[in-house]
Amino acid sequence: MKIGTGISYSGGFAESVADVVELEKAGLDVVFVPEAYSFDAVSQLGYLAAKTERVQLASGIFQIYTRTPTLTAMTAAGLDFVSDGRFILGLGASGPQVIEGFHGVKYDAPLGRTREIVDVCRQVWRRERVVHEGKHYTIPLPPEQGTGLGKPLKLINHPVRERIPVLLASIGPKNVALTAEIAEGWQPIFFHPEKAADVWGASLAEGKAKRDPALGELDTFVMTALAIGDDVEPLLDHMRPMVALYVGGMGARGKNFYNELACRYGYEAEAKLIQDLYLDGKKEEAAAAVPLELLRAISLVGPAGYVKERVAAFAEAGATTLIVNPLQPGREARVAAVSQLRELIG
């Protein structure tokens, strides 16, 4: 099993990069750079490529609505080039609040757009002349919609790899099925090992039944908090604001994918309470309402023996990479936590 981590988009970038340099020495395999509505991830990934040597670099995530399919492909090829073949293209739909509220772009057809974008990207990386006639994208632009001067073009440069790994962030049934069909990697959120099969098993099976064998096995990148020790359980409280933000505040009533996930895990009443409190502006109360049982299940927090058992549970549920968020403060403690986890995994 591999170990990854993410860089915060809320600040402290230089410090985070310094952490990654040390974490790479401790055995870190991949680092994710988010985007949301913060600084763009591309410039930060390029900076990381120059500062690291071995660790893989992943966008976590590029939103499918904010770049054209070919620009997404060009960007991925460029990042793969400057990192000597270490880039993973993480894509996701984000949500209406960000896409319509910040970018001013209509949030529609996430499944159809994702499929077409991945197809175009792979054409670009193979240096084919890009021709795509889809429901959502037509390349080149038809003459009647433009000047009539557009013609099929291929990427000028030769990419380091003609198949850059594509990772899709998805949690809904149809999105997960699409991921299992067309992507090299899958990134769910709030992964509960004991309930993952019930929530996602059928969707994964549906997608894998259509999967091209050339894609290989699906890698599952699971985000989880990390703290190893005999007295670390109180650190779980640090997760409460984030879980409350997603379950309570990422969307509106009746349109929140993360709230729906909590309900599918069996926390219907708790999810409703968290959302009601959060949307009423009571963020601290919403965080306090997040069930401790859920926090324990989706985390690696506890004594070494317990964490090793939980790692085994994650692996049994299909996780292949653990994207950890070390909860103990300070670079030394974060590096030590990743080193300990590497020893436990073996």
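Let me sum up the structure you'll find in this document. Position numbers for residues start from 1 in each chain and track the written sequence from start to end. Local features in this predicted model are restricted to residues whose pLDDT is 70 or higher, and side-chain atom pairs enter the listing and the counts only when it is 80 or higher, whereas totals over whole chains, interfaces and linings include all residues. Note that water and hydrogens are dropped before the side-chain values are worked out from all heavy atoms of the structure.

### Side note on the overall build of the protein
The helix and strand inventory of the protein stands at 14 helices and 12 strands. Radius of gyration here uses only the C-alpha atoms, and the compact-globule reference equals 2.2 Å multiplied by the residue count raised to the power 0.38. Computed over the C-alpha atoms, the radius of gyration of the protein is 20 Å, within 12% of the 20 Å expected from 2.2 N^0.38 for a compact globule of 346 residues. On the principal axes, the C-alpha backbone points of the protein span a range of 65 × 45 × 40 Å. When accessible area is computed with a 1.4 Å probe and restricted to protein chains, residues below 20% of their type maximum are described as buried, those above 50% as exposed, and intermediate ones as partly exposed. Looking at the protein as a whole, 49% of its 346 residues are labelled buried. Throughout, a residue-residue contact means that at least one pair of heavy atoms, one from each residue, lies within 4.5 Å. When contacts within the protein are restricted to residue pairs at least 6 apart in sequence, those whose partners lie at least 24 apart make up 74%. Surface exposure here means Shrake-Rupley accessible area, sampled with a 1.4 Å probe, where a residue is shielded only by the protein chains that are shown. Total accessible area on the protein is roughly 16100 Å²; 55% of this is exposed by carbon and sulfur atoms. Only DSSP runs of H or I reaching four residues or more are called helices, and only runs of E reaching two or more are called strands; each is numbered from the N terminus.

### Describing a nonpolar patch on the surface
Here the term patch refers to residues with relative accessible area over 30% and no salt bridge, with like charges joined within 9 Å and nonpolar side chains (Val, Leu, Ile, Met, Phe, Trp, Tyr) within 5 Å. A side-chain nitrogen of Lys or Arg and a carboxyl oxygen of Asp or Glu constitute a salt bridge if their distance falls within 4 Å. A surface patch of nonpolar side chains, amounting to about 290 Å² of accessible area, comprises Phe81, Val82 and Val160. Mapped onto the elements of the fold, phenylalanine 81 is located in helix α3 (residues 69-82).

### Description of the layout of surface pockets
Here the idea is plain: a probe the size of a water molecule rolls over the atoms and shows the empty space left. Space inside and on the surface of the protein is sampled on a 1 Å grid over the protein atoms alone, with a cavity defined as a set of points where a 1.4 Å probe fits but cannot get out and a pocket as an open set with protein on both sides within 12 Å along at least 5 of 7 lines; lining residues have an atom within 4 Å of a point. Grid points are joined across faces, edges and corners, and a volume is the space filled by probe spheres set on the points. Reported here for the second largest pocket is a volume of approximately 210 Å³. Taken together, Thr70, Met74, Val124, Val130, Ile139, Lys151, Pro152, Leu153, Lys154, Leu155 and Ile156 make up the lining of the second largest pocket. Of the residues contributing to the lining of the second largest pocket, the split by class is eight nonpolar, one polar and two charged. Ten residue types, Ala, Val, Leu, Ile, Met, Phe, Trp, Tyr, Cys and Pro, are classed as nonpolar, four, Asp, Glu, Lys and Arg, as charged, and the remainder, Gly among them, as polar.

### A look at α3
To estimate the expected span of a helix, count its residues, drop one, and scale the result by 1.5 Å. Over its 14 residues, α3 runs 20 Å from end to end, which matches the ideal 20 Å to within 8%, given 1.5 Å per residue. The complete set of buried residues in α3 reads Pro69, Thr72, Ala73, Thr75, Ala76, Ala77, Leu79 and Asp80. The inward-facing, buried residues of α3 abut α2 (41-51), β4 (62-63), β5 (87-92) and α5 (110-125). Count one or two residues on from α3 and you reach aspartate 84, which has phi positive near 60 degrees.

### Quick look at helix α9 (residues 257-264)
Among all positions of α9, only Tyr258, Asn259, Leu261 and Ala262 are buried. End-on view of α9: buried residues confined to an arc of 155 degrees, all on one side of the axis. Looking at the buried positions of α9, the neighbouring elements they touch are α7 (193-208), α8 (240-249) and α10 (268-279). Two to three positions downstream of the cap, the backbone nitrogen of tyrosine 258 sits 2.9 Å from a side-chain oxygen, assigning the N-cap of α9 to asparagine 256. Phi turns positive one or two residues past the end of α9, at glycine 266, with a value near 105 degrees. Note: the arc covers the axis-to-C-beta directions of the helix. In the analysis that follows, any N or O atom pair within 3.5 Å is treated as a polar contact, provided that within protein one partner can donate a hydrogen and the other can accept it, and provided that, for residues neighboring in sequence, both atoms belong to side chains.

In short, shape yes, function no, at least from these values alone.
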